[in-house]
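Descriptive analysis of the structure
Residues per chain are reported as follows:
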Amino acid sequence: MSEALQELIEIAGRHAYGRRTSTAVPRVSIGRSEVATPPLPGVWGSGILFVLQGAKTVLIGDRTLRYNPASYFIYTVETPTISQIVEASAARPYLAIGLTLDLQAVAALLVGHAPALGGDSFSTSPVDDELLDALRRMMRLLDRPAEIPVLATMLEREMLFRLLQGRQGGKLRELARADGHLSRIGRAITWIRSHSHQPVRVGDLAEIAHMSSAAFYRHFKAATAMSPIQYQKQIRLLEARHLLIAQPGNVARVAFAVGYESASQFSREYARQFGSPPARDAARLLTGGETAIEVI
């Protein structure tokens, strides 16, 4: 293990409180777990996840990512995921750092700096020495809070520059471009998220993204590893799960509230997604038998 990685693990361990900790450094959070977890559904926005210690798998559509120590992945659009920590213990807890993307900062770096061309959209990448060093210097600010207002922005800019030059730099470039296909897909996803209870047509979404239907479908699948209809279904089921926990009661009412026309279809798809029928799943979560909180 490199000296930089060991220092990062020590810093993250000192400043992690519970499973997810928002830090004093803007847009930076820490994930920690001393135990492996069951599969946990959630939605990742635009951001980067760096795993420092332990291991985690993330299912996105029909693709599976595996994070080993000192690896990262850039999430470009809001993406439904199913995450599972597969290696963690009290002696060696899972530790990860999340950085929410500042797209204006990324766009500013594109002027005069050519990013690397990205490869596979759904592969984690090893953290190289330059990126690891920049991340370490950013996390050191947690022990020097007076320096955060002066240095945090500078170090974040360096990290984004290193990411642009890395294996996933092409994704960042496309995301930061206002006319890039990822930005256009992002606009369609925003519409789906805010109208998830309504029927969706690929042609209408393509118009929002200013693409042909065929191009939209292809780019949407490349960005999310699922079709627009599959995406909407996962968003509906996640919303239903939150409603069942927040307002226990009639399953049919929840089904109709999130856009299903058939309560029986809702129950079948819910059980397929979460492993139990709606009422049983909600009861387990409410009694504390299983956490519903995803660890970053």
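In this report, we go over the structure that sits alongside the text. Treat the numbers as computed from the prediction; the structure is a model and nothing was measured.

Points about the packing of helix 6 (residues 181–194) against helix 8 (residues 213–224)
Where helix 6 meets helix 8, the axes come as close as 10 Å, and the angle between the chain directions of the two elements is 85°. For the element pair helix 6 / helix 8, the angle class is roughly perpendicular. Residues H181, L182, I185, A188, I189 and I192 of helix 6 touch helix 8, and the partners they reach there are F216, H219, F220, A223 and T224. Residues that form the contact of helix 6 with helix 8 fall into these classes: eight nonpolar, three polar and no charged.

A few points about the side chain of S33
With respect to the helices and strands, S33 occurs in strand 2 (residues 28–33). You can call S33 buried: its relative accessible area is 4%. Beyond its immediate chain neighbours, meaning those up to four positions away, S33 contacts R19, I85, A88, P93 and Y94.

A word on the pattern of salt bridges
One pass over the structure, following the stated rule, counts 18 salt bridges. A salt bridge links R66 to E87, with the nearest nitrogen and oxygen atoms 3.0 Å apart. Within this pair, whereas R66 is found in strand 6 (residues 63–67), its partner E87 is found in strand 8 (residues 79–87), the two being separated by 21 residues in sequence. Using a relative accessible area of 40% as the deciding quantity, one classes E87 as partly exposed. Of the charged contacts, one joins E269 and K233 as a salt bridge, the two residues approaching to 3.6 Å between their closest N and O atoms.

Thresholds applied
- Here the residue index of a chain counts from 1 through its sequence in written order.
- Confidence filtering applies because this is a predicted model: local features only for residues at pLDDT of at least 70, side-chain atom pairs given and counted only at 80 or more, and all residues used for totals across whole chains, interfaces and linings.
- Values shown for side chains rest on all heavy atoms present in the structure; no hydrogens or waters enter the calculation.
- Working convention: axes come from line fits to C-alpha atoms, limited for helices to the stretch in contact. Angles between N-to-C directions cover 0 to 180 degrees.
- Only runs of H or I of at least four residues qualify as helices and only runs of E of at least two qualify as strands under DSSP, and these elements are numbered from the N terminus.
- Small angles under 35 degrees read as roughly parallel and large ones over 145 as roughly antiparallel, with 65 to 115 read as roughly perpendicular and the rest as oblique.
- Contacts are assigned to residue pairs with any non-hydrogen atoms lying within 4.5 Å of each other.
- Polar here means any residue outside two lists: the nonpolar Ala, Val, Leu, Ile, Met, Phe, Trp, Tyr, Cys and Pro, and the charged Asp, Glu, Lys and Arg; Gly therefore counts as polar.
- Whether a residue is buried, partly exposed or exposed follows from its accessible area with a 1.4 Å probe, protein chains only, as a fraction of its type maximum: under 20%, in between, or over 50%, in that order.
- Any carboxyl oxygen of Asp or Glu that lies within 4 Å of a side-chain nitrogen of Lys or Arg is treated as forming a salt bridge with it.

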